[in-house]
Structure formats: structure tokens, C-alpha cells
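Chain by chain, the residues run as shown.
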Amino acid sequence: MAASPAFAQEAGTAVTEPGDFSLGSPDAPVKIVEYASYTCPHCATFHANVFKDLKRDYIDTGKVHFTLREVYFDRYGLWAAMVARCGGDLRYFGISDMLFAKQAEWAGSQDPMQVVQSLKTIGITAGLDGAAIDACLNDQAQAEALIARFQVNMEADGVQGTPTIFVNGSKHSNMTYADLKAIIDAELAG
């Protein structure tokens, strides 16, 4: 493994254009886009206290189509996103849940190699292969593509902090489930 993730890449490796990961019906009447960083404590709190109810009450029932857009304020957040994305569509949100739930454990270290080990442990717990995780973390071209896309999205949507939540295009800051529910219910009634 390289001294730090995202600093090595095999010659001839194709870069996949990074996209968003979403849950729920694309035809749902309410579209929610959340900008979140895996190293943001407020984002972890949102996912612990709001997202599970949002998923149960609105995403799983076909009323909301939810998209998570990753924000990379630091290299640890980028590395976490690379591990989550390594799981593909099948494991992305499960790994994301683990990253937010265990954020204090893996993101709190000052030692980058300890962070990498912790992220690899999360990936392996989620069913990923250690070699695959190494390949994902060391994909420099993918890291650069993710950062470029993040910068374009943040600027286009005027996002300055996390979590930032868009409900049918209307921008909101962090909120309780009751507040989010009221906004969603108003959209559904309208």
C-alpha cells in the first residue's frame, strides 16, 4: 500500500466519471439532495437522528427520492467516500451508515495510517475485500475526479456547509426530523 491513499494508480486504469448514489423511486414527487461530509459531526447526527426516519417514512414508501452528495473538506472525508464508493450501488448506503455511526472512532485520529486502517476495517466489515479497498483508496485519478465534481456541485448549488439539504430544489440547513417532515408534507400536499 502507498504511504497515503489516492497517490498511486496503475497505468492504463480507466477513470469512471463519479456520479451520485440515490435511494427511493426516481419518480417520487419529492426529491431530496443532501450535501454531507463523512467527517462532519452534524452530518453524523443528521444520519443518526433524522435519516433513519426519513428512509422509513418517505424513501421506502416511494414518496421521496434521496440523493447523497459527498463533500470533501479534508482528506479523511475523501478517503471515507472512496471506501463507500468501493462498495458500489449494492453497499454504498450501508457503508455510509457505518461511516457516520463510527465517525468518532475512525475520523478522530491524527495519524493518517490509523484512519486508513479504520476505514479498511469498516469496508471489510461491510463485505469488501482488502485488496479491493486498497485499489479504491489508491486510485488517484478517481480521487481527482471526485474532488472536481464536488467543487462544481458545491459552487453551482451555493453550498457552504454541511449538512445542506435541498427539498425539491429549496435549500435548507441542518434540521430536526419534525422540521424536515413538515417541509416534505407541505411539498406532498402542494
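Just so you know, these numbers come straight off a predicted model, no measurement behind them.

About the cut-offs
Residues numbered from 1 in each chain as written. Predicted model: local features only at pLDDT ≥ 70, side-chain atom pairs only at ≥ 80, totals over all residues. Heavy atoms only, no water. Phe/Tyr/Trp six-rings, centres within 6.5 Å; stacked < 30°, edge-to-face > 60°. Helix = DSSP H or I, 4+ residues; strand = E, 2+ residues; numbered from the N terminus. Buried < 20%, exposed > 50% of the residue type's maximum accessible area, 1.4 Å probe, protein only. Disulfide = S-S within 2.5 Å. Expected span 1.5 Å × (residues − 1). Contact = heavy atoms within 4.5 Å.

Lay out the packing of aromatic side chains in plain terms, naming residues and giving numbers.
Here the structure, examined in full by the defined rule, presents eight aromatic pairs. Where Tyr-76 meets Trp-79, the ring centres are 5.7 Å apart and the plane angle is 40°; that geometry is what we call tilted. Here the residue Tyr-76 and the residue Trp-79 both occupy positions in helix H2 (residues 75-86), the gap between them amounting to three residues, near one helical turn. The buried category is assigned to Tyr-76, whose relative accessible area is 12%. A relative accessible area of 2% means that Trp-79 is categorised as buried.

Which residues make up the state of the cysteines, and what are the values?
Scanning the entire structure with this criterion turns up one disulfide. The disulfide that involves Cys-86 links it to Cys-136, with 2.2 Å between the sulfurs. Residues Cys-86 and Cys-136 are joined by a disulfide whose S-S torsion is about 75°; by sign, that bridge is right-handed. Here Cys-86, found in helix H2, pairs with Cys-136, found in helix H6 (residues 130-137); they are 50 residues apart in sequence, far enough to count as distant. On the accessibility criterion, Cys-86 (18% relative accessible area) is buried.

Could you give an account of helix H7 (residues 140-157), with specific residues and numbers?
Look at H7: 26 Å from first C-alpha to last across 18 residues, which is about the 26 Å you get at 1.5 Å a residue. Those residues of H7 that sit buried are Ala-141, Gln-142, Ala-143, Ala-145, Leu-146, Phe-150, Asn-153 and Met-154. Check the buried side of H7 and you find it contacts strand E2 (30-36), strand E3 (64-70) and H2. Phi turns positive, to about 65°, at Gly-158, one or two residues after H7.

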